[in-house]
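Coordinate analysis (summary)
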Amino acid sequence: MKLIVVKDYQALSREAAHRGAEELRAHPNASVVAATGDTPMGMYAHLAELRDRGELDASGLRLFQLDSYLGLSADDPRSLYGWMKRSLLDPLGIPDERVVRLTGDAPDPDSVCEAYDAAVAAAGGIDLAILGLGRNGHLGFNEPPVQVDAPTRVVALATESIESNASYWGGQDRVPRRALTAGMSVLLKSRAILVLVSGTRKQEILRRTIEGPITPDVPASYLQHRSNVTIIADRDAAGSLSAQ
Ligand code: GLP
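Keep in mind that this is a model prediction, so the values were computed, not measured.

1. Section: the overall build of the chain
Along the backbone of the chain there are 8 helices and 10 strands. Relative to the compact-globule value of 18 Å for 244 residues, the chain shows a C-alpha radius of gyration of 17 Å, a close match. Referenced to the eigenvectors of the C-alpha coordinate spread, the extents of the chain come out at roughly 45 × 45 × 35 Å. Here the chain holds 244 residues, and the buried ones make up 57% of them. Residue pairs at least 24 apart in sequence account for 79% of intrachain contacts in the chain once pairs closer than 6 positions are excluded. A total of about 10400 Å² of accessible surface is found on the chain, and carbon and sulfur atoms cover 47% of it. Charged side chains in the chain number 26 positive and 31 negative. The centres of these two groups are separated by 3 Å.

Structure representation (structure tokens):
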């Protein structure tokens, strides 16, 4: 695992876009998992600028949705698919048909999860995962405790996730209690993993991710000792951690 520490959120967004674009130029038909949440928004804006300048062609990519709230339709304002569409798919010119979704309001969500894992396998695995870090160490909505080989599935959100997601939608009562998430097995097998971490509120969980024991109680700790993982943190998140 490599840790890159940069000055602030702007530098993090530039660095992440630079590295992401390099990966995507090397693999123009890549299968990509991309997080929503606040942290990668600056990166996505930079990727869109690269595309507008003709320096990035995203038309061959295949996107896999990282997570979604159970029970919400794609046109619900809180839909994570909608968020991904506004922040990444539309700005990069990726049409809906190139996306494997975790449909939140399907009649049988378990079979949506099974079909997702089958689509990942059929694609030969994920090439690039762009992830944020939950305050409880979750990746996607893989809430602790989670096993290293957990498949894509329906989960109950942890209290920390309900609290942090409340800031997106204006209150905890607006946050659905269950979700579909790409499994740890899918994420950890990705050929390249980029994790973006910003702000002092992530400092303690980033330290536990990198320096603490590898444990189901900190899902992101499974990223340790994997050479395909790059964490980009700003100084506020890194605290006393130094680049490695
Ligand atoms: C959310 C999402 C994750 C996201 C993480 C961090 O709850 N389930 O996909 O990466 O938590 O979010 P943020 O970047 O807003 O801090």
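After that view, the rundown keeps rolling.
2. Quick word on helix α4 (residues 109-122)
Compared with an ideal rise of 1.5 Å per residue, which puts 14 residues at 20 Å, α4 spans 20 Å between its outermost C-alpha atoms and is within 8% of the ideal. Where α4 is concerned, the buried positions are Pro109, Val112, Cys113, Tyr116, Ala119 and Val120. In a view along the axis of α4, the buried residues occupy a sector of 120°, so they form one face of it. Set apart from the buried face of α4 by more than 90 degrees, the exposed residues are Glu114, Ala121 and Ala122. Contacts from the buried residues of α4 go to β2 (31-34), β3 (62-65), β5 (99-100), β7 (153-156), β8 (178-181) and α6 (184-188). Just downstream of α4 lies Gly124, where phi reads positive at about 80°.

3. Some words on the sheet that holds strand β10 (residues 229-234)
Sheet strands associate in pairs through backbone hydrogen bonding, adopting either a parallel or an antiparallel arrangement. Spatially, 7 strands are ordered β1-β10-β9-β6-β2-β3-β5 in an open sheet, and the strand pairing comes out parallel. Bordering the open sheet on either side are β1 (2-6) and β5, each of which pairs with just one other strand. In terms of strand pairing, β1 meets β10 through 5 bridges, oriented parallel. Pairing of Lys2 across the sheet is with Thr230, part of β10. This element, helix α3 (residues 80-92), spans β2, β3 and β5 of the sheet and lies at about 145° to β3.

4. Notes on the pairing of β3
Relative to β3, β2 is paired through 4 bridges, and the arrangement is parallel. Note that in β3 the partner of Ser31 across the bridge is Arg62. Of the pairings in the sheet, the one linking β3 to β5 comprises 2 bridges and is parallel in character. Bridge pairing in β5 links Leu63 to Val99.

Analysis parameters
Residues numbered from 1 in each chain as written. Predicted model: local features only at pLDDT ≥ 70, side-chain atom pairs only at ≥ 80, totals over all residues. Heavy atoms only, no water. Helix = DSSP H or I, 4+ residues; strand = E, 2+ residues; numbered from the N terminus. Rg over C-alpha atoms; globule rule 2.2 N^0.38 Å. Buried < 20%, exposed > 50% of the residue type's maximum accessible area, 1.4 Å probe, protein only. Contact = heavy atoms within 4.5 Å. Areas by Shrake-Rupley, 256 points an atom, 1.4 Å probe, with all protein chains shown as cover. Lys, Arg positive; Asp, Glu negative; His and termini not counted. Charge placed at Lys NZ, Arg CZ, Asp CG, Glu CD. Expected span 1.5 Å × (residues − 1). Arc of directions from axis to C-beta. Pairing = 2+ DSSP bridges. Axes fitted to C-alpha atoms, helices over the stretch in contact; angles between N-to-C directions.

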